[in-house]
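Results of the structural survey
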Amino acid sequence: MATPLAGLKVLEIAGLAPAPFAGKILSDFGADVVRIDRSNSVMNLDVLAQNKRSIALNLKSPAGIEALIRLCEKADVIIEPFRPGVMERLGLGPEVLLKRNPRLVYARMTGFGQQGHYAKMAGHDINYLAISGVLSTLGKHDGKPAFPINLLADFAGGGLMCALGILLALQERTRSGKGQVVDAAMVDGVSYIGSFVYNMQKAGALFQTPRGTGQLDGGAPFYDTYQTKDGKYMAVGAIEVEFYRLLIKGLGLDQEKDQLPEQMDTRSWPRMKDLFTKIFLSKTQAEWVAVFDQTDACVTPVLDYYEMPTPSPAPRLLRTPARQHTNEDRSAEVFLEVGGQSAEILKETGFSEEEIRDLVAKNAVAGAGLVKASL
């Protein structure tokens, strides 16, 4: 069964999590993704390397640079993860590669973008969240801003948005026949993901209270997590009136008999949260699951990664599904051998045996299966 991106050739210059995740998305949906590794690396731990291949090039060598340019001539996409100006200094900027291959989609993954006050500074997920304004909305009202590991900026605002940009550029290419540059800055991506919060704040509809005191950020008793008797947790998201009634019922409470305040009586929220906390501590997680399972109370167990199924490519396409991975597949592919497919990738691109020997002699390429220069 064909995958959606079958036949698409992607070059992914080795980098940290966001760029490899963009490559993983394309690979999961059928693209042939080749990772460009450094020739002096031995092994690269990459948990996002499923279905990718590796060629090891020396990008400090003119011959290695030219080899990559030739690879780009046959590619549809290149993903680069460096700070602004690095690819230009290597002689691999968009003006060079798009001249050699006008149909190339050149995706640039950065933290702060190609221009601007922070462009040349180093940063991580927490910094991009901070500059985007999103970090200021996360956390408890009586504490400092909280960050959800590196999921929001690195992966959602970074890798996922980069993959979307690539697909948009490829779609446009079907009309124009031309490639283009995709400027995927993580601070832009996570800011865009936060459009709902931003627009609601501007409209004065929600999020006008201090951080951690609103309906959706931990202030409401009906939208929070609660510890259970066995030290685990349940997640509660009973926002709508009818769902809230089912929550109250499941907790063994009665709105009238127990003289409970109205759901949106914000002054009573701290007291109701204390009440919910005590009740949830009276049963184990499994017992609460039995109470709320198959109801619309919006109460679910908080599972850890050892309890959940293996993550699968999303969204699901029913006619042309993505490649599926098992736990065994993932364990075997954590380590992608650097340069493990150097020879076959060069041959596929049209390099002759003599040209490959020359690249080896110039220390421009490394990896398994290469013809030794002495032959």
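Residues numbered from 1 in each chain as written. Predicted model: local features only at pLDDT ≥ 70, side-chain atom pairs only at ≥ 80, totals over all residues. Heavy atoms only, no water.

Topic: the overall build of the protein chain
When its secondary structure is counted, the protein chain shows 14 helices and twelve strands. Its C-alpha atoms give the protein chain principal-axis dimensions of about 90 × 45 × 40 Å. When burial is assessed residue by residue, the protein chain has 42% of its 375 residues classed as buried. Here the analysis covers contacts within the protein chain between residues at least 6 apart in sequence; of these, 66% occur between residues at least 24 apart. Summing over all exposed atoms, the protein chain offers an accessible surface of approximately 20300 Å²; the carbon and sulfur share of this is 56%. Of the side-chain charges in the protein chain, 41 are positive and 43 negative, and the distance between the mean point of each set is 4 Å. (Helix = DSSP H or I, 4+ residues; strand = E, 2+ residues; numbered from the N terminus. Buried < 20%, exposed > 50% of the residue type's maximum accessible area, 1.4 Å probe, protein only. Contact = heavy atoms within 4.5 Å. Areas by Shrake-Rupley, 256 points an atom, 1.4 Å probe, with all protein chains shown as cover. Lys, Arg positive; Asp, Glu negative; His and termini not counted. Charge placed at Lys NZ, Arg CZ, Asp CG, Glu CD.)

A closer look at unusual backbone geometry
Each neighbour pair has its own omega, and for A314 with P315 the value is 0°, a cis peptide bond. Mapped onto the secondary structure, P315 falls in the loop between strand 10 (299-301) and helix 12 (327-332). Residue I149 is not a glycine yet carries a positive backbone phi of 40°. Relative accessible area serves as the criterion here: at 58%, I149 is assigned to the exposed category. The phi angle at C298 is positive, at roughly 60°, despite the residue not being glycine.

Here's the deal with the environment of F276
Here F276 lies in helix 10 (residues 269-280). A sequence separation of 55 residues divides F276 from P221, and the C-alpha atoms of the two residues are 7.3 Å apart. Not counting chain neighbours up to four residues away, the residues in contact with F276 comprise P221, F222, Y226, Y244, L247, I248, L251 and L253.

Here we look at the pairing of strand 8 (residues 223-227)
A one-sided burial pattern is seen for strand 8, the buried positions being D224 and Y226 and the unburied ones Y223, T225 and Q227. The pairing of strand 8 with strand 9 (residues 233-237) spans five bridges and is antiparallel. By the bridge assignment for strand 9, Q227 is matched with Y233. Between strand 8 and strand 9, which pair antiparallel and follow one another directly, the connecting turn spans five residues, one of which, G231, has a positive phi of 80°. (Pairing = 2+ DSSP bridges.)

With respect to the state of the cysteines
A complete count under the given rule lists zero disulfides for this structure. Free cysteine C162: the closest other cysteine sulfur is in C72, separated by 15 Å. (Disulfide = S-S within 2.5 Å.)

A short note on the environment of R100
Note on placement: R100 falls in helix 4 (residues 94-100). Expressed as a C-alpha distance, the spacing of R100 and A368, which sit 268 residues apart in the sequence, is 28 Å. When neighbours within four sequence positions are excluded, R100 is seen to be in contact with E66, I69, R70 and E73. Of note is the side chain of R100, whose polar atom sits 2.6 Å from the side chain of E73. (Polar contact = N/O pair within 3.5 Å; in protein donor to acceptor, adjacent residues only side chain to side chain.)

Some remarks on the sheet that holds strand 2 (residues 32-38)
Ordered in space as 7-6-5-1-2-4-12, the seven strands form an open sheet in which the pairing is mixed. Two strands in the sheet have a free side with no partner beyond their single neighbour: strand 7 (181-185) and strand 12 (365-366). Where strand 1 (residues 9-13) meets strand 2, five bridges bridge the pair, whose relative direction is parallel. Paired with V10 across the bridge in strand 2 is V33. Helix 6 (residues 151-176) rests against strand 5 (77-80), strand 6 (105-110) and strand 7 of the sheet, and its axis sits at about 165° to strand 6. (Axes fitted to C-alpha atoms, helices over the stretch in contact; angles between N-to-C directions.)

Here's the deal with the nonpolar core
Grouped together as the largest cluster of nonpolar side chains are 33 residues, with contacts concentrated most on V10, L26, I79 and I166. Secondary-structure elements contributing two or more residues to this core are helix 1 (18-28), strand 5, strand 6, helix 5 (125-132), helix 6, strand 7 and helix 7 (186-193). Looking at this core, the element that brings in the most residues is helix 6, giving six residues. In this structure L26 touches L5, V10, A31, V33, I79, I166 and L167, once residues within four positions along its chain are discounted. Counting 31 residues, the second-largest nonpolar core is a separate cluster that includes I13, A63, L71 and A75. (Core = buried A, V, L, I, M, F, W, Y, C linked by side-chain atoms within 4.5 Å.)

Remarks on the pairing of strand 9
One ladder, built from three bridges, connects strand 9 with strand 10; its direction is antiparallel. Each bridged residue has a counterpart across the sheet, and for A235 the counterpart in strand 10 is T300.

Brief notes about the sheet that holds strand 10
Read from one edge of the open sheet, three strands run 8-9-10, paired in antiparallel fashion. At either margin of the open sheet sits one strand with a lone partner, and together these are strand 8 and strand 10. Mean inter-strand twist for the sheet, computed between neighbouring axes without regard to direction, equals 25°. Set on the sheet, helix 10 makes contact with strand 8, strand 9 and strand 10; between it and strand 8 the angle comes to about 40°. Running over the sheet, helix 11 (residues 285-292) touches strand 9 and strand 10 and is turned about 30° from strand 9.

Re the side chain of E80
Within the fold, E80 resides in strand 5. Looking at E80, the relative accessible area reads 1%, which means it is buried. A polar side-chain atom of E80 sits 2.7 Å from a polar atom in the side chain of R108. Discounting chain neighbours no more than four positions away, the residues touching E80 are I13, M87, Y106, A107, R108 and M109.

Digging into the packing of aromatic side chains
Tallied over the entire structure, the rule returns nine aromatic pairs. On the basis of an interplanar angle of 90° and a centroid distance of 5.6 Å, the ring pair of F222 and W269 is categorised as edge-to-face. With F222 in the loop between helix 8 (195-203) and strand 8 and W269 in helix 10, the pair connects residues that are 47 residues apart, well separated along the chain. Across this residue pair, the class does not change: F222 and W269 are buried. Every member of this aromatic cluster is reached through a ring pair, and the members are Y226, F276, F280, W288 and F292. Of note, R70 hangs over the ring of F351, and the distance from its end group to the ring centre comes to 3.7 Å. Against the face of W288 rests K283, its NZ or CZ located 5.6 Å from the ring centre. (Phe/Tyr/Trp six-rings, centres within 6.5 Å; stacked < 30°, edge-to-face > 60°. Lys NZ or Arg CZ within 6 Å of the ring centre and 35° of its normal.)

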